[in-house]
Amino acid sequence: MSDRQQRHQQAMQKLKSHVDEKVATATEQRGLLLVFTGNGKGKTTAAWGTVTRALGYGYRVGVIQFIKGLWECGERERLIEDPQLEVHVMATGFTWDTQNRDSDTAACFEVWREAERLLADPEIYLVVLDEITYMLKFGYLDIDTVKRAIADRPPEQSVIVTGRNAHRELVEMADTVTEMQDTRHAFDAGIQARRGIDY
Ligand code: ATP
Ligand code: MG
């Protein structure tokens, strides 16, 4: 065996024992709370990717789209064909267009009721609260209400929260937190959001 090969094999063995050790210490099994936040692109895409993963095993999934719900969304069009998936979208759509606090709050509440129902249903394996961070930021929903519903969910259920500027307390209670970093975005170079890529 060459020197290089031997070094590679040793490094791999070390890595494997490190991973094995980690796997052995991870003994707990339960649903997770994941937060996808940060300014970079990929939060909602990652959430839908996980939805696809769960649906792939036949699990039931609920997605709530706060703001932007009335926008086109390619993955929703495709995945909604799956009877195991239910999607609820906030009726007023993009809040910066409507600029009506009362109707936005009402629309938010309506869709939050669906979220609460899903978060209480042990048959639902995964719940996605897409862009809910803005509802907390605008004060349409209060953090204690959201925290309680997430904390009281069935133990086997996982929840994904997406959106920029995630509330500190949500970040604290999450098992997995990913911050998408905005290294560069085409939009800043004047390139339009692209169908099938950005939505
Ligand atoms: P995506 O839906 O592509 O995963 P996201 O959920 O991380 O993006 P949002 O803040 O929800 O990001 O933005 C929604 C839209 O804005 C998408 O079309 C997305 O591609 C685009 N976008 C995301 N990040 C940026 C950015 N840093 N600058 C400009 N546009 C962005
Ligand atoms: Mg998003």
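Presented here is an overview of the structure given in this document. Just so we're clear, the structure is a prediction, and the values are computed from it rather than from any experiment. (Residues numbered from 1 in each chain as written. Chains lettered and ligands numbered in written order. Predicted model: local features only at pLDDT ≥ 70, side-chain atom pairs only at ≥ 80, totals over all residues. Heavy atoms only, no water.)

Focus: the coordination of the magnesium ion (ligand 2)
Distances from the magnesium ion (ligand 2) to its protein donors, T44 (OG1) and E131 (OE), fall at 2.0 to 2.1 Å. Residue T44 is found in helix α2 (residues 43-56), and its partner E131 is found in the loop between β4 (124-130) and α6 (132-137); the two are separated by 87 residues along the sequence. Classification of E131 by relative accessible area gives buried; the value is 5%. (Donors = N, O, S within 2.8 Å, 3.2 Å for Na, K, Ca; no water. Helix = DSSP H or I, 4+ residues; strand = E, 2+ residues; numbered from the N terminus. Buried < 20%, exposed > 50% of the residue type's maximum accessible area, 1.4 Å probe, protein only.)

Notes on the pattern of salt bridges
Applying the stated rule across the entire model yields twelve salt bridges. Close ionic contact of R30 with E28 constitutes a salt bridge, the shortest N to O distance being 2.8 Å. Taking the shortest distance from any N to any O, the salt bridge between K147 and E169 comes out at 2.6 Å. Separated by 22 residues along the polypeptide, K147 in helix α7 (residues 143-151) and E169 in helix α8 (residues 168-173) bring together distant segments of the chain. Owing to a relative accessible area of 25%, K147 belongs among the partly exposed residues under this scheme. Three or more residues joined by partner-sharing salt bridges are found here, namely R60, E86, E114 and R117. (Salt bridge = Lys/Arg side-chain N within 4 Å of Asp/Glu carboxyl O.)

Thoughts on helix α1 (residues 3-25)
An ideal rise of 1.5 Å per residue puts 33 Å on 23 residues; α1 measures up with 33 Å between its terminal C-alpha atoms. Taken across its 23 residues, α1 has zero buried, putting it largely on the surface. (Expected span 1.5 Å × (residues − 1).)

Considering the sheet that holds strand β5 (residues 158-162)
An order of β3-β2-β4-β5-β1-β6 is seen for the six strands of this open sheet, with the pairing classed as parallel. Each having just a single partner strand, β3 (85-89) and β6 (176-180) make up the two edges of the open sheet. In this sheet, neighbouring strand axes are inclined to one another by 10° on average, regardless of whether the strands run parallel or antiparallel. Here four bridges tie β4 to β5, and the two strands are oriented parallel to one another. Pairing of V127 across the sheet is with V159, part of β5. The strands that α2 touches are β1 (33-38), β2 (60-65), β3, β4, β5 and β6; relative to β4, the one it contacts most, it runs at about 165°. (Pairing = 2+ DSSP bridges. Axes fitted to C-alpha atoms, helices over the stretch in contact; angles between N-to-C directions. Contact = heavy atoms within 4.5 Å.)

Quick notes on helix α5 (residues 101-119)
Note: α-helices contain 3.6 residues per turn, so residues at a spacing of three or four share the same orientation. Between its first and last C-alpha, α5 extends 26 Å over 19 residues, near the 27 Å set by a 1.5 Å rise per residue. Taken as a whole, α5 has its buried residues at D104, A107, C108, V111, W112, A115, L118 and L119. Projection of α5 onto a plane perpendicular to its axis shows the buried side chains occupying an angular sector of 140°, all on one side. Away from the buried face of α5 by more than 90 degrees, exposed residues D102, E110 and R113 are located. (Arc of directions from axis to C-beta.)

Overview of the side chain of Q157
The residue Q157 is located in the loop between α7 and β5 in this model. Take Q157: its relative accessible area is 1%, and that puts it in the buried class. Looking at Q157, its side chain comes within polar contact range of the main-chain oxygen of I124, at 3.1 Å. (Polar contact = N/O pair within 3.5 Å; in protein donor to acceptor, adjacent residues only side chain to side chain.)

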